[in-house]
Amino acid sequence: MKNDKFSHIDSGNNPAMVNVSDKHVTVRTATARSTVQLTEEIMSGLEQGEIHSKKGPVFQTAIIAGTMAAKKTGELIPLCHPIGLDGCDFTINVKGLEVEIECTATIAAKTGVEMEALTGASLAALTIYDMCKALSHNIVIKETRLIAKTGGKKDFRYDG
């Protein structure tokens, strides 16, 4: 009996990549956000929208790491389709002690890019942690979530 609730389960109840061969190519976008809470000590190094560490510019490095991760999502998540992204953009906003990282992935394809956006935002957050941990281990990656997606069966926008 096929499990109709999960798309990655086949008729034999085994894990399976979703077959997208019958789908139409559409432009698809997804935006994900990761929130990192830093300490006052770390944030005291914020100058002109960037934290400079011994390892280099923190936010710029996080954007590069996030982009690299988004491009490798199909290699990291077992049943995720390997796709070539058409675009991967980041914004980083500082709000008090919190850093909000948004990753927007775009592609014209038969499958969505939610996992790529989530992976990009997540790895950017982990990179911020890595680059700042010498100053404090009291860093919290609070939340990673999908903010919006377009294309495919239905659009989505987080209302919170």
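Once a new chain begins, its residue numbering starts again from 1 and follows that chain's sequence as written. Only residues with pLDDT of 70 or above have their local features reported here, since the model is predicted, and side-chain atom pairs are shown and tallied only from 80 upward, although totals for entire chains, interfaces and linings are computed over all residues. Based on all heavy atoms of the structure, the side-chain values leave hydrogens and waters out of the count.

A word on the overall build of the protein
The following threshold applies: Counting from the N terminus, the helices are the DSSP runs of H or I reaching at least four residues and the strands are the DSSP runs of E reaching at least two. Only protein chains enter the accessibility calculation, which uses a 1.4 Å probe; a residue is then buried when its area is under 20% of its type maximum, exposed when over 50%, and partly exposed in between. The contact criterion used throughout is that any non-hydrogen atoms of two residues lie within 4.5 Å. Throughout, the Shrake-Rupley method with a 1.4 Å probe supplies accessible areas, and for residues the shown protein chains are the sole cover considered. Counting rule applied: Lys, Arg positive; Asp, Glu negative; His and chain ends not counted. By convention, the point assigned to a charge is CZ for Arg, NZ for Lys, CD for Glu and CG for Asp.
Across its full length, the protein carries 4 helices and 8 strands. When the elements of the protein are put in sequence order from the N terminus, they spell out β-α-β-β-β-α-α-β-β-α-β-β. Each principal axis of the C-alpha atoms in the protein carries an extent, and together these give about 55 × 30 × 30 Å. Buried residues in the protein amount to 36% of all 160 residues. Contacts in the protein between residues at least 24 apart in sequence constitute 66% of all its contacts with a sequence separation of at least 6. Here the protein displays about 9500 Å² of accessible surface, and carbon together with sulfur accounts for 53% of that area. With 18 positive and 19 negative side-chain charges, the protein shows a separation of 5 Å between the mean positions of the two kinds.

Brief notes about the state of the cysteines
Inclusion rule: In what follows, a disulfide is any cysteine sulfur pair within 2.5 Å.
Here the structure, examined in full by the defined rule, presents 0 disulfides. In this model C80 remains outside any disulfide bridge; the closest cysteine sulfur is found in C103, 13 Å from its own. For C80, a relative accessible area of 11% translates into the label buried. Free of any disulfide, C88 has its nearest neighbouring cysteine sulfur in C103, separated by 3.8 Å. For C88, a relative accessible area of 17% translates into the label buried.

A short note on the nonpolar core
As a rule of thumb, nonpolar side chains are buried together in soluble globular proteins. Condition: Residues enter a nonpolar core if they are buried and are Ala, Val, Leu, Ile, Met, Phe, Trp, Tyr or Cys, with the set joined through side-chain atoms within 4.5 Å.
Within the largest apolar cluster, 31 residues are counted, with the highest numbers of intra-cluster contacts made by V36, L38, I51, V58, V99, I101 and I128. Secondary structure elements with two or more residues in this core: β1 (26-37), α1 (40-43), α2 (58-71), β5 (87-95), β6 (98-109) and α4 (114-132). The element contributing the most residues to this core is α4, with 8 residues. Sequence-distant contacts of L38, that is, excluding residues within four places in its chain, are made with M43, I51, L97, V99, I128 and I139.

Details of the side chain of T73
With respect to the helices and strands, the residue T73 is situated in helix α3 (residues 73-76). If near-sequence neighbours (up to four positions away) are discounted, T73 is found in contact with C80, M115, E116 and T119.

Focus: the pattern of salt bridges
Convention followed: Salt bridge, as used here: a side-chain nitrogen of Lys or Arg that lies within 4 Å of a carboxyl oxygen of Asp or Glu.
All chains considered together, the criterion is met by 8 salt bridges. The partner of E100 in a salt bridge is K95, with the nearest N and O atoms 3.2 Å apart. According to the relative accessible area criterion, E100 is buried, its value standing at 14%. The network of salt bridges with common partners includes R33, K95, E100 and E102.

Quick notes on the sheet that holds β1
Inclusion rule: Being paired, for any two strands, means DSSP has found at least two bridges between them. Axis definition: a line fitted to C-alpha atoms, over the contacting stretch in the case of helices. Angles run 0 to 180 degrees between N-to-C directions.
With respect to topology, 5 strands assemble into an open sheet ordered β5-β6-β1-β7-β8, the strand pairing being antiparallel. One side of each edge strand has no neighbouring strand; the edge strands of this open sheet are β5 and β8 (156-157). For β1 and strand β7 (residues 140-150), the ladder comprises 9 bridges, and the chain directions are antiparallel. Opposite T31, over in β7, you have A148 as the bridge partner. Across the sheet, α2 lies against β5 and β6, angled at about 145 degrees from β5, the strand it touches most. The strands that α4 touches are β1, β5, β6 and β7; relative to β1, the one it contacts most, it runs at about 25 degrees.

Some words on the packing of aromatic side chains
As a reminder, the rule being used: Only Phe, Tyr and Trp rings are paired, with Trp represented by its six-membered ring, and only when their centres lie within 6.5 Å; those with planes under 30 degrees apart are stacked, over 60 edge-to-face, the remainder tilted. Working rule: Lys NZ or Arg CZ, within 6 Å of ring centre, within 35 degrees of ring normal, means a charge sits over the ring.
In the structure shown here, the tally under the stated rule is 0 aromatic pairs. Above the plane of the ring of Y158 lies R145, whose end atom (NZ or CZ) is 3.5 Å from the centre.

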